[in-house]
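Okay, here's what each chain looks like letter by letter:
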Amino acid sequence: MARTYRFVVGVGEAGMRLDRYLVRRLPRTLSRAAIQRAIHHGRVTIGGKQVRANDRLKKEDVVSATMDQLGAKARHLDLQPEAIPLEIVYEDDQALVVNKPAGLVVHPAPGHWSGTLVNAVLWHLIGDTKQFPKMVCVPDVPRAGIVHRLDKDTSGLLIVAKTELAHRSLSRQLKSRTLNRTYLALVKGHVPFEEGAIDAAIGRHQVRRKEMTVRYLGGREAVTRYRVLKRLTIGDTKQIPQLVCVPALTRLPFPYTLLEVKLQTGRTHQIRVHMAHLGHPVLGDVVYGSHPQRFWSELGIQRQLLHAAAIRFQHPTRNAPVELTAPLPQDMACWLPGVSGHAAD
C-alpha cells in the first residue's frame, strides 16, 4: 500500500541532496535504493515538478514522495529489453549462462537504469515488447533471474535462472556453497606461497561507504582460496606481442602473479578486498590498489584484471552437474605469454 509524504525544507536542510534528505525524513523501512527508484520513476516531486536524486534542496522547498510502505523491490522495476549482444555459453529451458564482458553492469541500479545485463537478457528471452506488446511478458522470476553478480569491470561466467524453480535451486546451491566458481586474477607482486586461504570477515567501510574492507568487528564471514599458476617477472613482458591492449614497448614496472581463486563465500568485492589485504592487489584495481587510473591507463590496463573463468552447478531439474569454462579475455591474456586462458583443473 502506498502512502504520500510531504515535507517543507528547513534552514538547516538547505543544500542537501534530495535522496539523502529523504533517507533522513522517511521511515527506516525505506532504503536509500528504494527512495532512488521512486525518484527515478517520478514518484517524488519538489513544488510539483519531477526531480533527480542528486538535486540540491532550497529553504522552504515542498517535497512530496509517494512510497510503498516497505519499499519497492528491485524485481518490480519497469525493466525494458534492450538489444545488447550476449555471449551465451550455455542455455536450456531452465538456465542461461553468459560470458559477461568487462564494463557491463549486471542489474539496474541508481546511475545505471539501462544498458545492463538484465536488459540484454530480457531482449534475448522475450524480444522487443514495444513491437509485440501482446505476445510477450517479462518472466516473473525474483531479481530478474540473477542468482549471483559480478562487478561491472569483472568479466566472465554468470548464471541467469529462467524459471522460479531454477532460481530457488541455484540460490540454494549458492547458499550451501555447492555452486562452485573459479576465477583467474593477475595480482601485483609474487605471491610467496603456492596456495593458501584468506579467512577475513568483510564489511562496508565506515567512512567510504561505497567500498568494502576487512572488518573483524561487524563484518561477515568471508573465505577466499587461491593457488599460484604462474609468477612473472619484469622481463617477461618483453615477450608479449604488441596487441591492442598493450602499448608498444610497454612492460610492467613490477613482478606479478597469475592466481586461480575460488570463493567459499560470496561477499561484495571479496576477491579484490582479500587480495589487497594480502598485500597483492588485483592489477588495474583503482579502488583497493595503490595506483590511480592514469597509471594503469598508460600501461593499457582499463579495469581490474579479474575473470570468472569456470563455474560448476547442479542442473535444477536434471540432477546432473553442469561444468563450464570461459577463456581469458584479450586484455588479460596479452600479459600472459604461453599461459592457457582456462582455469586449471
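Residues numbered from 1 in each chain as written. Predicted model: local features only at pLDDT ≥ 70, side-chain atom pairs only at ≥ 80, totals over all residues. Heavy atoms only, no water.

### Here's the deal with the overall build of the chain
(1) Moving on: For the chain, the helix and strand inventory stands at 7 helices and 15 strands.
(2) Moving on: Expressed as a percentage of its 345 residues, the buried residues of the chain come to 48%.
(3) Moving on: Within the chain, contacts between residues separated by at least 24 positions form 68% of all contacts whose residues are at least 6 apart in sequence.
(4) Moving on: When the accessible surface of the chain is totalled, it reaches about 17,800 Å², and 50% of it is carbon and sulfur. (Helix = DSSP H or I, 4+ residues; strand = E, 2+ residues; numbered from the N terminus. Buried < 20%, exposed > 50% of the residue type's maximum accessible area, 1.4 Å probe, protein only. Contact = heavy atoms within 4.5 Å. Areas by Shrake-Rupley, 256 points an atom, 1.4 Å probe, with all protein chains shown as cover.)

### Quick look at the environment of Leu-259
(1) Moving on: Here Leu-259 shows up in strand β13 (residues 256-263).
(2) Moving on: Here Leu-259 is in contact with Tyr-183, Leu-184, Ala-185, Val-187, Val-191, Tyr-226, Arg-227, Val-228, Leu-229 and Met-275, once residues within four sequence places are set aside.

### Examining the packing of helix α1 (residues 18-25) against helix α2 (residues 32-40)
The packing of two helices is summarised by the inter-axis angle and the distance between the axes.
(1) Moving on: The contact between α1 and α2 brings their axes to 10 Å, and the two run at 125°. Taken together, the axis directions place α1 and α2 in an arrangement best described as oblique. Considering only the axes of α1 and α2, their crossing is right-handed. Contact with α1, carried on its side by Leu-18, Asp-19, Arg-20, Leu-22 and Val-23, involves Arg-32, Ile-35, Gln-36 and Ile-39 of α2 and no other residues of that element.
(2) Moving on: Each residue belonging to the contact of α1 with α2 can be placed in one class, and the counts come to 5 nonpolar, 1 polar and 3 charged. (Axes fitted to C-alpha atoms, helices over the stretch in contact; angles between N-to-C directions. Parallel < 35°, antiparallel > 145°, perpendicular 65-115°, else oblique. Left-handed = near helix turned anticlockwise from the far one by under 90°. Nonpolar A, V, L, I, M, F, W, Y, C, P; charged D, E, K, R; others polar.)

### Examining the pairing of strand β5 (residues 88-91)
(1) Moving on: As judged from the 3 bridges shared by β5 and strand β6 (residues 95-100), these two strands associate in the antiparallel manner. When the sheet's bridge partners are listed, Glu-91 is paired in β6 with Leu-96.
(2) Moving on: Count of turn residues in the β5/β6 antiparallel hairpin: 3 residues. (Pairing = 2+ DSSP bridges.)

### Things to note about the pairing of strand β4 (residues 62-68)
(1) Moving on: Sheet topology note: the strand β1 (residues 2-8)/β4 ladder contains 7 bridges and is antiparallel. Within β4, the position partnered with Ala-2 by the bridge is Asp-68.
(2) Moving on: As paired elements, strand β2 (residues 44-46) and β4 share 3 bridges and run antiparallel to each other. Bridging across to β4, Ile-46 finds its partner in Val-63.

### Considerations on the pattern of salt bridges
(1) Moving on: On inspection of all chains with the given rule, the structure shows 15 salt bridges.
(2) Moving on: The partner of Lys-162 in a salt bridge is Glu-91, with the nearest N and O atoms 3.0 Å apart. Here Lys-162, found in the loop between β7 (155-161) and α4 (164-175), pairs with Glu-91, found in strand β5; they are 71 residues apart in sequence, far enough to count as distant.
(3) Moving on: Judged by relative accessible area, which is 22%, Lys-162 ranks as partly exposed.
(4) Moving on: The exposure class assigned to Glu-91 is partly exposed, which follows from its relative accessible area of 34%. (Salt bridge = Lys/Arg side-chain N within 4 Å of Asp/Glu carboxyl O.)

### Description of the confidence of the model for the chain
(1) Moving on: With 84% of its residues at a pLDDT of at least 70, the chain reaches an overall mean of 86.
(2) Moving on: For the stretch residues 70-76, pLDDT sits under 50, and the model shows 14 contacts to residues farther than four places along the chain or on other chains.
(3) Moving on: Segment residues 131-138 is flagged for pLDDT under 50; beyond a separation of four residues in sequence, or across chains, it makes 6 contacts in the model. (pLDDT = per-residue confidence, 0-100.)

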